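# Secondary and tertiary structure notes
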Amino acid sequence: MKIISRQFIAGLSVALFTSNMTIAQSNQKLHLNHQIMENHPIHYRNIKVNDLNLFYREAGPVNAPTILLLHGYPTSSHMFRNLIPILSKKYHVIAPDLPGFGYSDAPDHNKFSYTFDNLAATMQAFVDQLEIKRFAIYIFDYGAPVGLRLAMKNPEKITGIVSQNGNAYEEGLSNEWNPIQKYWKDPSQANRIALKGFVSKEITLFQYHHGVSDPSLIAPEAYTLDQKFLDRPGNVEIQLDLMRDYRTNVALYPKFHEYFRKYQPKLLLVWGNKDPYFLPAGAEAYKKDIPDAQLKFYDTGHFALETNAEEIGAEIFEFMGTLPQ
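Residues numbered from 1 in each chain as written. Predicted model: local features only at pLDDT ≥ 70, side-chain atom pairs only at ≥ 80, totals over all residues. Heavy atoms only, no water.

## Regarding the environment of Phe-140
Inclusion rule: Strands are runs of DSSP state E lasting at least two residues, helices are runs of H or I lasting at least four, and both sets are numbered from the N terminus onward. Each residue's exposure class comes from its accessible area (1.4 Å probe, protein chains only) as a fraction of the maximum for that residue type: buried when under 20%, exposed when over 50%, partly exposed otherwise. The contact criterion used throughout is that any non-hydrogen atoms of two residues lie within 4.5 Å.
By secondary structure assignment, the location of Phe-140 is in the loop between β5 (135-139) and α4 (143-153). Using a relative accessible area of 0% as the deciding quantity, one classes Phe-140 as buried. Taking the C-alpha atoms as reference points, Phe-140 and Trp-271, 131 residues apart in sequence, are found 9.7 Å from one another. Beyond its immediate chain neighbours, meaning those up to four positions away, Phe-140 contacts Leu-70, His-71, Gly-72, Thr-75, Met-79, Gln-164, Asn-165, Gly-166, His-302 and Phe-303.

The following block contains the structure:
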C-alpha cells in the first residue's frame, strides 16, 4: 500500500480550505446580488424644504447608485408608479412632486414665485437636504428645464441623464406651443385668459391619448388624478404663471447646449415619437452636442411610460449600469 505523505495531506487540506473559502465567498456574493436585485417597497415620504412640504417616493437600496426622477406637466411622481419597481431592484430611486403639483404644497401664486428658476432652487434644496452626493437624473417635460438647471449647477454630481420627451432644443417645439408663445410675446390679460383651456379635462385627456395606438393601455386613474390636482382652487393661476415663465427655458437652451458640449454627460433619450408637444427632432438635436447619446424612439405619445414602461425601464436599467459612480 502506498504511503500518503504528510506534505500531501497538508496540501490537500489547504486546497480544500481554499476551495471552501472560494465557495463561501461566491455564495456570499450571490446572496448580496440576490438582495440587491430583489423587489423593494416604495416609501411615501414628506420633507420640509424652504417652508414647503414636499412629497416624494423613495425605493431601492439606499447605498446603491441614485436616480432622481423629475416629472412634468400636468402630472406628479405618480407617473413613475410603473417605472420605480423596475429600477429599484438595483438602484436607489427618488421621485419628488414639484411645488404646485401632486401631494407637495401648492401655495398661492401671489405668495410663491412659480418660475422654473424657483422650482430648480427648491429641488436643489431638496437634494442638499437629503444629502444626495451623486445621482443620475430622469427628465420629462417640465422636469427637463428643472433638471438641466440642476445639472448646470452641479456638474460634478451628475452621473448621467435620461431624457424622456424632455426638450432642450427649439426644433423640438411643435405648433401646439403657438398660443403659449403668443402669451410670451404679449403677456396681456386677454392672452392669459385664452390659455385657461390648457388646464381643462379635454386637454389632459388629449395629452394622454394623442399618438397612442391602443388607448386601453392608458390607466384612467393617471389622468383622473392629474385633473383632480389641476382643478384645485387657485391652481389655474399657478399653471398660467409657469406657462408664461417657460419662455425662460427656451432662452436658456444655448446654456444647456454649452453644458452638454463641455461635460459630455452620458445621455439616454427615450422618446415617444408621436408627442404632440415635443417633436422627435428635439430628441435628435441632442446628438449635435452629445454625439455619443443613445436614442430610442417608441411608437407612442407624450406619456410614454403609460404604454411602454417595461421597455423604457429595461433601457434605463441597462444604461444605469454603464454610468460612473
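## Some thoughts on the sheet that holds strand β1 (residues 43-49)
Stated formally: Strands are treated as partners if at least two bridges between them are detected by DSSP. Axes, fitted as lines to C-alpha atoms, cover a helix only where it is in contact. Angles between the N-to-C directions of the axes lie from 0 to 180 degrees.
Pairing in this open sheet of eight strands is mixed, and the strands run β1-β2-β4-β3-β5-β6-β7-β8 from one edge to the other. Every other strand in the sheet has two partners, leaving β1 and β8 (294-298) as the edge strands with one partner each. With direction set aside, neighbouring strand axes in the sheet form an average angle of 20°. Direction of pairing for strand β3 (residues 66-70) relative to β5: parallel, over a ladder of five bridges. Paired with Thr-66 across the bridge in β5 is Phe-135.

## With respect to the environment of Val-270
Counting through the fold element by element, Val-270 comes out in strand β7 (residues 267-272). For Val-270, a relative accessible area of 0% puts it in the buried group. Along the primary structure Val-270 and Lys-296 are separated by 26 residues, whereas in three dimensions their C-alpha atoms are 4.9 Å apart. Beyond its immediate sequence surroundings of up to four residues, Val-270 is in contact with Val-162, Ser-163, Gln-164, Asn-165, Lys-296, Tyr-298, Ile-312 and Glu-315.

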